[in-house]
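Now for the letters of each chain:
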Amino acid sequence: MSAPILRRLSDLRSLSAQWRGEGARVAVVPTMGALHEGHLSLVRAARAGADRVIVTIFVNPRQFDNPDDLAGYPRTEERDASLLAPFAVDAIYAPGPDEVYPGGFATTVSVAGLTDRLCGAHRPGHFDGVTTVVAKLFNQTQAELAYFGEKDFQQLAVVRRMARDLDIAVDIIGCPTVREADGLALSSRNQRLTGAARAAAPALYAALRGAGRTIESGLPVAGALDKARAAILSGGFEAVDYVELCAADSLVPLDRLDRPARLLAAAHLAGVRLIDNIALSQA
Ligand SMILES: Nc1ncnc2c1ncn2[C@@H]1O[C@H](COP(=O)(O)OP(=O)(O)OP(=O)(O)O)[C@@H](O)[C@H]1O
Ligand SMILES: CC(C)(CO)[C@@H](O)C(=O)[O-]
Ligand code: BAL
């Protein structure tokens with residue numbers, strides 16, 4: 001049976017209060033819809049870790065730095081609901097923009113520092129939009145558990161920081177990136193890649209893996225990152241926003257592999273901005 005689709009915050013609040021009153025562990029899986037196996041892996045993890053699962057579907061205008069990106073973002077609610085049916089999620093919260101940002105809305109939740117670099121440097125205001133809506137979703141659902149994908153690794157770090165700093169009583173669980181057979185990280189924006197661009201897209205992950213092997217073998221980081229940028233461009237991408245080695249917890253940039261690290265990249269292909277990252281381990 002399909003889960004009820006809630007449009008009103010008041011309905012979400014009463015359901016969640018009822019479940020918590022019954023002693024249930026409530027989990028939230030925040031999404032922007034256009035669901036794929038990556039999202040479903042989060043739902044599967046939430047299903048295994050909690051008694052009640054709320055999936056939120058909201059294309060959050062405040063986190064889009066590019067109006068064309070917002071206008072072109074896929075919206076497939078009916079299909080999303082049928083993809084969720086086999087997981088027996090307990091509720092889908094899919095509010096309209098006025099429910100989330102009623103007239104007079106004037107508050108921004110902003111995490112300093114962590115959001116200055118990587119995607120934050122290339123998408124002005126993006127993380128403020130994410131933390132504002134995620135703080136609201138945490139308050140609205142009162143979830144004990146929240147599931148996010150490692151595909152958006154900086155987002156995961158920023159949301160963890162926000163929850164810690166604001167004393168929000170939620171356990172944030174990061175889930176591994178789900179990939180296509182050719183290595184491309186699943187992403188709703190992949191739908192916008194045409195034949196040739198889709199064929200070129202795995203070059204991003206391949207470049208990260210190549211650089212990762214070089215760095216793990218002890219060769220200089222700067223040279224490996226330069227080579228990865230060149231490989232992404234020669235693979236058919238038009239521009240590289242960044243390829244960086246960072247500490248896995250704080251995301252500070254590293255010029256040597258002296259602690260658990262993450263190699264992260266963002267690049268543009270056929271007008272679509274793709275991101276990816278991999279874990280690196282010390283020898
Ligand atoms: N391939 C994936 N593997 C694991 N988790 C994922 C994957 N893709 C998205 N997620 C996670 O799903 C949640 C919702 O993401 P979102 O709805 O933005 O989807 P998306 O595919 O990342 O879309 P896009 O990047 O095109 O906006 C986020 O926590 C995100 O990290
Ligand atoms: C976490 C999120 C649902 C907030 O809008 C979004 O940034 C996403 O889909 O990753
Ligand atoms: N998946 C992260 C949301 C965004 O790119 O806006």
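A quick note: this is a predicted structure, and the numbers were derived from the prediction, not measured.

1. A closer look at helix α10 (residues 203-216)
With 14 residues, α10 ought to run about 20 Å at 1.5 Å a step, and its terminal C-alpha atoms sit 20 Å apart, in line with that. Those residues of α10 hidden inside the fold are in contact with α9 (195-200), α11 (221-234), β7 (239-247), β8 (261-269) and β9 (272-280). Positive phi appears at Gly-218, one or two residues downstream of α10, with a value of about 100°.

2. What about the UniProt feature "binding site: (R)-pantoate" (unreviewed entry) in the protein chain?
Using the residue numbers shown here, the UniProt feature "binding site: (R)-pantoate" (unreviewed entry) corresponds to Gln-63 and Gln-155. Look at the named residues: they lie 93 residues apart in sequence, but the longest C-alpha span between them is just 11.5 Å, so in the fold they bunch up. One can find Gln-63 in the loop between β3 (52-57) and α3 (67-72). Setting aside its immediate chain neighbours within four residues, Gln-63 contacts His-126, Gly-129, Val-130 and Val-133. Tracing the chain through its elements places Gln-155 in helix α8 (residues 153-165). Judged by local crowding, Gln-155 falls into the buried class, with 22 C-beta atoms found within 10 Å.

3. Some words on the domain arrangement of the protein chain
Split by domain assignment, the protein chain resolves into domain 1 (5-175) and domain 2 (188-276). One C-alpha centre belongs to domain 1, the other to domain 2; they are set 26 Å apart. Taken together, the contact between domain 1 and domain 2 spans twelve residues of the former and eleven residues of the latter. Elements supplying a minimum of two residues to the side of domain 1 that touches domain 2: α6 (119-122) and α8. Of the residues contributing to the side of domain 1 that touches domain 2, the split by class is eight nonpolar, four polar and no charged.

4. Considering the confidence of the model for the protein chain
Here the protein chain averages 97 in pLDDT, while 99% of its residues score no lower than 70. Among the scores for the predicted complex, ipTM is 0.97 and pTM is 0.97.

5. Here's the deal with the site of ligand 2
Every residue lining ligand 2 is accounted for by Pro-30, Thr-31, Met-32, Asn-60, Gln-63, Val-130, Val-133, Val-134, Asp-152 and Gln-155. Those elements that place two or more of their residues in the shell around ligand 2 are β2 (26-31) and α7 (126-141). Per-element tally for the shell around ligand 2: the top contributor is α7, with three residues. Considering only residue class, the shell around ligand 2 consists of five nonpolar, four polar and one charged.

6. Re the site of ligand 1
The full set close to ligand 1 counts 18 residues, and Gly-38, Gly-149, Leu-186, Ser-188 and Arg-189 are the nearest of them. Of all the elements in the fold, those that place two or more residues in the shell around ligand 1 are α2 (37-49) and β5 (145-149). In terms of residue count, α2 provides more of the shell around ligand 1 than any other element does, four residues in total.

7. Details of the packing of α10 against α11
Axis separation between α10 and α11 bottoms out at 9 Å; the angle between their running directions is 160°. Compared by their axis directions, α10 and α11 come out roughly antiparallel. Where α10 crosses over α11, the two elements pack in a sense that is right-handed. Taking contact as the criterion, the partners of Ala-203, Leu-204, Ala-207, Leu-208, Gly-210, Ala-211, Thr-214 and Ile-215 in α10 are, on α11, Val-221, Ala-224, Leu-225, Lys-227, Ala-228, Ala-231 and Ile-232. Looking at the contact of α10 with α11 residue by residue, the classes come out as twelve nonpolar, two polar and one charged.

8. Some points on the sheet that holds β7
As summarised here, the arrangement of the three strands in space is β7-β8-β9, forming an open sheet in which the pairing is antiparallel. Single-partner strands in this sheet number two, and they are β7 and β9. Going from strand to strand, the sheet's axes swing by 10° on average, the running direction of each strand aside. Strand contacts of α11: β7 and β8, with the helix running at about 150° to β7, the strand carrying the most contacts.

9. Observations concerning unusual backbone geometry
Despite not being glycine, Gln-142 has its phi angle at roughly 55°, a positive value. In this structure, Gln-142 sits in the loop between α7 and β5. Positioned with a positive phi, Asp-167 is a non-glycine residue whose angle comes to about 55°. One can find Asp-167 in the loop between α8 and β6 (171-175). Note on Asp-167: 6 C-beta atoms within 10 Å, which makes it exposed.

Conventions we followed
- Residues numbered from 1 in each chain as written.
- Chains lettered and ligands numbered in written order.
- Predicted model: local features only at pLDDT ≥ 70, side-chain atom pairs only at ≥ 80, totals over all residues.
- Helix = DSSP H or I, 4+ residues; strand = E, 2+ residues; numbered from the N terminus.
- Expected span 1.5 Å × (residues − 1).
- Contact = placed C-beta atoms within 7 Å.
- UniProt positions renumbered as here; feature names shortened; annotations may be inferred.
- Buried ≥ 20, exposed ≤ 12 C-beta atoms within 10 Å, placed from the backbone.
- Domains from an automatic or database assignment.
- Nonpolar A, V, L, I, M, F, W, Y, C, P; charged D, E, K, R; others polar.
- pLDDT = per-residue confidence, 0-100.
- Near = placed C-beta within 6 Å.
- Axes fitted to C-alpha atoms, helices over the stretch in contact; angles between N-to-C directions.
- Parallel < 35°, antiparallel > 145°, perpendicular 65-115°, else oblique.
- Left-handed = near helix turned anticlockwise from the far one by under 90°.
- Pairing = 2+ DSSP bridges.

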